[in-house]
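Summary of structural features
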Amino acid sequence: MDIRRRNNVTVTGRTDGPVLLLAHGFGCDQNMWRLVVPALAESYRVVLFDYVGSGRADPSAWDEERYSSLEGYAQDVLEVCGELDLRDVTFVGHSVSAMVGVLAAAKAPQHISRLVMVAPSPCYIDDDGYRGGFSAEDIDELLESLESNYLGWSAAMAPVIMGNADRPELGQELATSFCATDPDMARVFARTTFLSDSRADLETVTAATLILECTQDVIAPREVGAYVHAAIPGSRLMTLRATGHCPQLSAPQATAEAITDFLGAA
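Figured I'd write up the structure that's included with this text.

Now for the overall build of the protein chain. Of the regular secondary structure elements, the protein chain holds 11 helices and 7 strands. For 266 residues, the compact-globule formula gives about 18 Å, and the C-alpha radius of gyration of the protein chain, at 17 Å, lands near that figure. Buried residues in the protein chain amount to 56% of all 266 residues. Looking at the protein chain alone, contacts between residues at least 24 apart form 75% of all its contacts between residues at least 6 apart. For the protein chain, the accessible surface area stands at approximately 11,100 Å², while carbon and sulfur atoms represent 48% of it.

So, in structure tokens, the structure goes:
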């Protein structure tokens, strides 16, 4: 198996710099990082990839059973690390990928020594004493809508997820990314994402951790950022001057600066 081809791995930046591994969220691909990469590449070796089922990853490698759990995506991460012989990596995970990074770091701490969680959520469904942002009924309706009309769901939900109504081009970009994903593969990733509960996994985190949240985020409200911060001893929580769920697009300079500041202090 050619892992580089399978996951459409690309490497840029300083060849001798510390390694940043950037991981995209549901319905996206590595292109979502393009606005932060130039700033990060000045000091770091930046590795990007697409999960199988997303972007330009090899669709023939798709396995529904494997990618029906976050562990399958964590395995992609670890296989990329192994293929490139990456050590002491800072894993930057957006949205559900933040929890994928938690799983990967627990399995192979020799590969991943720092975590940057961008708009993370360990559980999207409200529970006793926990606000994930959605009721169980909300998630059922979301998944039913996605599964019955994926393209329609993408067009309707992307602007809501992106926020920034005054910048409609951002919502359109996210919609285009959603629509470029194979609907059958997207349905599996969506269920894996929105039905996941990684709260207990936060207790395994020993890596230095930065949590980046936005002032308003319908997918990961600020209560979630506070929960993750409280669950990971020694973690740093930073609220970006940004709205929506994708600050790497809506506020790329602030996002890149937060990452570099954290690594400079770590």
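Bringing helix H9 (residues 222-231) into the picture now. Inspection of H9 places Val224, Gly225 and Val228 among the buried residues, and these make up the whole buried set. Projection of H9 onto a plane perpendicular to its axis shows the buried side chains occupying an angular sector of 100°, all on one side. Here the buried face of H9 lies against strand S5 (112-118), strand S6 (208-216) and strand S7 (236-243).

Moving on to the side chain of glutamine 30. Relative to the helices and strands, glutamine 30 resides in the loop between strand S2 (19-23) and helix H2 (37-41). Look at glutamine 30 and you get buried, because its relative accessible area is 12%. Setting aside residues up to four positions removed in sequence, glutamine 30 forms contacts with Asn7, Asn8, Thr10, His24, Leu48, Phe49 and Asp50.

Taken together, Asp126, Glu137, Asp138, Asp140, Glu141 and Glu144 make up a surface patch of like negative charges. Structurally, the position occupied by aspartate 126 is in the loop between S5 and helix H5 (136-148).

Another aspect to go through is the pattern of salt bridges. Under the definition given, this model contains 16 salt bridges. Arginine 114 is paired through a salt bridge with aspartate 88; the nearest N and O atoms lie 3.4 Å apart. Taken as a pair, arginine 114 in strand S5 and aspartate 88 in the loop between helix H3 (70-84) and strand S4 (89-94) lie far apart in primary sequence, 26 residues in all. Classification of arginine 114 by relative accessible area gives buried; the value is 17%.

The strand order across the open sheet built from 7 strands is S1-S3-S2-S4-S5-S6-S7, with neighbouring strands paired in mixed fashion. Each of the sheet's edge strands pairs with one partner strand only, and the pair in question is strand S1 (10-13) and S7. When strand polarity is set aside, the average angle formed by the axes of neighbouring strands in this sheet is 20°. As defined by bridge partners, S1 adjoins strand S3 (residues 45-48) across 4 bridges and the pair is classed as antiparallel. Considered in S3, the bridge of threonine 10 is made with leucine 48. Running over the sheet, helix H4 (residues 96-107) touches S2, S4 and S5 and is turned about 165° from S5. Sitting on the sheet, H9 is in contact with S5, S6 and S7, with an inclination near 165° to S6.

What follows deals with empty space enclosed by the protein. A complete count under the given rule lists 1 cavity of 30 Å³ or more for this structure. One number sums up the size of the largest cavity: a volume of about 140 Å³. Counting only elements with at least two residues in the lining of the largest cavity, the list comes to helix H6 (150-162), helix H7 (168-180) and helix H8 (183-194). For the lining of the largest cavity, the per-class residue count stands at 10 nonpolar, 5 polar and no charged.

What counts, and where the lines are drawn
- Residues numbered from 1 in each chain as written.
- Predicted model: local features only at pLDDT ≥ 70, side-chain atom pairs only at ≥ 80, totals over all residues.
- Heavy atoms only, no water.
- Helix = DSSP H or I, 4+ residues; strand = E, 2+ residues; numbered from the N terminus.
- Rg over C-alpha atoms; globule rule 2.2 N^0.38 Å.
- Buried < 20%, exposed > 50% of the residue type's maximum accessible area, 1.4 Å probe, protein only.
- Contact = heavy atoms within 4.5 Å.
- Areas by Shrake-Rupley, 256 points an atom, 1.4 Å probe, with all protein chains shown as cover.
- Arc of directions from axis to C-beta.
- Patch = residues over 30% accessible without salt bridge, like charges linked within 9 Å, V, L, I, M, F, W, Y side chains within 5 Å.
- Salt bridge = Lys/Arg side-chain N within 4 Å of Asp/Glu carboxyl O.
- Lys, Arg positive; Asp, Glu negative; His and termini not counted.
- Charge placed at Lys NZ, Arg CZ, Asp CG, Glu CD.
- Pairing = 2+ DSSP bridges.
- Axes fitted to C-alpha atoms, helices over the stretch in contact; angles between N-to-C directions.
- 1 Å grid on protein atoms, 1.4 Å probe; cavity = no way out; pocket = protein on both sides within 12 Å on 5 of 7 lines; lining within 4 Å.
- Points joined across faces, edges and corners; volume = space filled by probe spheres on them.
- Nonpolar A, V, L, I, M, F, W, Y, C, P; charged D, E, K, R; others polar.

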